[in-house]
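Spelled out, the chains give:
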Amino acid sequence: MAWFLLVVAGLLEVGWSIGLKYTDGFTRPWPSAATVVGFAASMYLLAQATRTLPIGTAYGVWVGIGAAGAAVLGMAVLGEPATAARIFFVCLLLVSVVGLKATSGH
């Protein structure tokens, strides 16, 4: 169950990080509120996951999901450059997340 919570927390991190783009510096109320709620929910689920998972593993996986997801959505939705180097490093992030999961002992 902790891994499930951690993956959901990571996906919420993707959501709130992309949401930051739409807050316009927290001057737009609805996108700002959604971003803050997503952030709080992500942190809560991360905290629940760390009750049983090692903090280094949980945090690394959470950050990896968030960073990779934000980068992919940035390229796919926000028009950020999709260079071969960026795609390679996103893949490297995902390999690291899988490696952390595989070596966590949980």
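Up top you'll find the structure we're talking about.
Residues numbered from 1 in each chain as written. Predicted model: local features only at pLDDT ≥ 70, side-chain atom pairs only at ≥ 80, totals over all residues. Heavy atoms only, no water.

### Topic: the overall build of the protein
Along the backbone of the protein there are four helices and zero strands. Going from the N terminus to the C terminus, the protein shows its helices and strands as α-α-α-α. For the protein, buried positions account for 33% of its 106 residues. Of the contacts made within the protein by residues no fewer than 6 positions apart, 68% connect residues no fewer than 24 positions apart. In the form shown here, the protein has an accessible surface area of approximately 6,200 Å², with 75% of it arising from carbon and sulfur atoms. (Helix = DSSP H or I, 4+ residues; strand = E, 2+ residues; numbered from the N terminus. Buried < 20%, exposed > 50% of the residue type's maximum accessible area, 1.4 Å probe, protein only. Contact = heavy atoms within 4.5 Å. Areas by Shrake-Rupley, 256 points an atom, 1.4 Å probe, with all protein chains shown as cover.)

### Here's the deal with the side chain of Thr35
Examined against the element boundaries, Thr35 turns out to sit in helix H2 (residues 29-49). Residue class for Thr35 comes out buried when judged on its relative accessible area of 5%. Engagement of the side chain of Thr35 in a polar contact is seen with the backbone oxygen of Gly19, the distance being 3.4 Å. Excluding residues that lie within four positions of it along the chain, Thr35 makes contacts with Trp16, Gly19, Leu20, Thr23 and Phe26. (Polar contact = N/O pair within 3.5 Å; in protein donor to acceptor, adjacent residues only side chain to side chain.)

### Re unusual backbone geometry
Located in the positive-phi region is Asp24, a residue other than glycine, with phi close to 55°. Position of Asp24 relative to the elements: it lies in the loop between helix H1 (2-23) and H2. Here the phi dihedral of Phe26 falls at roughly 60°; this positive angle occurs in a residue that is not glycine. The topology assignment puts Phe26 in the loop between H1 and H2.

### Here we look at the packing of helix H3 (residues 55-76) against helix H4 (residues 84-102)
Two quantities define a packed helix pair, namely the angle between the axes and the distance from one axis to the other. Axis separation between H3 and H4 bottoms out at 9 Å; the angle between their running directions is 155°. For the element pair H3 / H4, the angle class is roughly antiparallel. Note on packing geometry: the crossing formed by H3 with H4 is left-handed. Where H3 approaches H4, its residues Thr57, Gly60, Val61, Gly64, Ile65, Ala67, Ala68, Ala71, Val72 and Met75 are matched on the opposing element by Arg86, Ile87, Val90, Leu93, Leu94, Val97 and Leu100. Of the residues that constitute the contact of H3 with H4, the class distribution is 13 nonpolar, three polar and one charged. (Axes fitted to C-alpha atoms, helices over the stretch in contact; angles between N-to-C directions. Parallel < 35°, antiparallel > 145°, perpendicular 65-115°, else oblique. Left-handed = near helix turned anticlockwise from the far one by under 90°. Nonpolar A, V, L, I, M, F, W, Y, C, P; charged D, E, K, R; others polar.)

### Regarding a nonpolar patch on the surface
Together, Leu20, Phe26 and Val36 make up an exposed nonpolar region whose accessible area comes to about 270 Å². Within the secondary structure layout, Val36 lies in helix H2. The class for Val36 is partly exposed, based on a relative accessible area of 47%. (Patch = residues over 30% accessible without salt bridge, like charges linked within 9 Å, V, L, I, M, F, W, Y side chains within 5 Å. Salt bridge = Lys/Arg side-chain N within 4 Å of Asp/Glu carboxyl O.)

### Some words on the side chain of Glu13
Position of Glu13 among the secondary structure elements: in helix H1. Although Glu13 lies buried, it forms no salt bridge, and the closest oppositely charged side chain, Arg86, sits 14 Å away as judged by the N-O distance. In this view, Glu13 contacts Ser42, Trp62, Val63 and Gly66; residues no more than four positions away in its chain are not counted. (Lys, Arg positive; Asp, Glu negative; His and termini not counted.)

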